[in-house]
Amino acid sequence: MSDKQSHRIKVLGRELTVKSTSSAEHVGEVEALVNRKLAEARAQVPVGDPQVPVILALMNLAETCISLSRELEEQRHVGGDKLRRLTRRIEDVLL
């Protein structure tokens, strides 16, 4: 396992130091995604409680994460089925 490196990021106008085993480029991509999602959420709820856009951004990111996890699991299932069918066909030819 790699050692965690410190990275400086800026989110919601605040500079933070985070530790990650990921590359600086990857951390920058995560920072950009978080800032983009926060900006999108602020555009949906431009006034009021400042925590609401943060909650919306978290909900949107969590929804995307769950959807992608389910899609990946389905693809693994489909891939496993295909692999089993191909294996049976190979075994049928060889036996």
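Higher on the page you've got the structure.
What counts and how
Residues numbered from 1 in each chain as written. Predicted model: local features only at pLDDT ≥ 70, side-chain atom pairs only at ≥ 80, totals over all residues. Heavy atoms only, no water. Helix = DSSP H or I, 4+ residues; strand = E, 2+ residues; numbered from the N terminus. Buried < 20%, exposed > 50% of the residue type's maximum accessible area, 1.4 Å probe, protein only. Lys, Arg positive; Asp, Glu negative; His and termini not counted. Salt bridge = Lys/Arg side-chain N within 4 Å of Asp/Glu carboxyl O. Contact = heavy atoms within 4.5 Å. Pairing = 2+ DSSP bridges.

### Observations regarding the side chain of Glu31
Part 1 of the reasoning: Of note, Glu31 is situated in helix H1 (residues 24-44).
Part 2 of the reasoning: No salt bridge is formed by the buried Glu31, whose closest oppositely charged neighbour, Lys10, lies at an N-O distance of 8.3 Å.
Part 3 of the reasoning: Among all residues touching Glu31, those that are not within four sequence positions of it are Arg8, Ile9, Lys10 and Val11.

### A few points about unusual backbone geometry
When glycine is set aside, most residues are seen to have a negative phi, and most peptide bonds are trans.
Part 1 of the reasoning: Despite not being glycine, Leu12 shows a phi value in the positive range, around 55°.
Part 2 of the reasoning: With respect to the secondary-structure elements, Leu12 resides in the loop between strand S1 (5-11) and strand S2 (14-20).
Part 3 of the reasoning: Owing to a relative accessible area of 47%, Leu12 belongs among the partly exposed residues under this scheme.

### Notes on the environment of Arg42
Part 1 of the reasoning: Looking at where Arg42 falls in the secondary structure, it is placed in helix H1.
Part 2 of the reasoning: For Arg42, a relative accessible area of 41% corresponds to the partly exposed category.
Part 3 of the reasoning: In sequence terms Arg42 and Val52 are 10 residues apart; their C-alpha atoms lie 8.3 Å from each other.
Part 4 of the reasoning: Contact partners of Arg42, with chain neighbours within four places excluded, come to Leu12 and Pro53.

### Structural notes on the pairing of S1
Part 1 of the reasoning: Taken together, the seven bridges between S1 and S2 define a ladder with antiparallel strand orientation. Looking across to S2, one finds that Ser6 is bridged to Lys19.
Part 2 of the reasoning: Where S1 folds back onto S2 in an antiparallel hairpin, the turn is made up of two residues, including Leu12, whose phi is positive at roughly 55°.

By themselves, these observations are geometric and do not establish any function.
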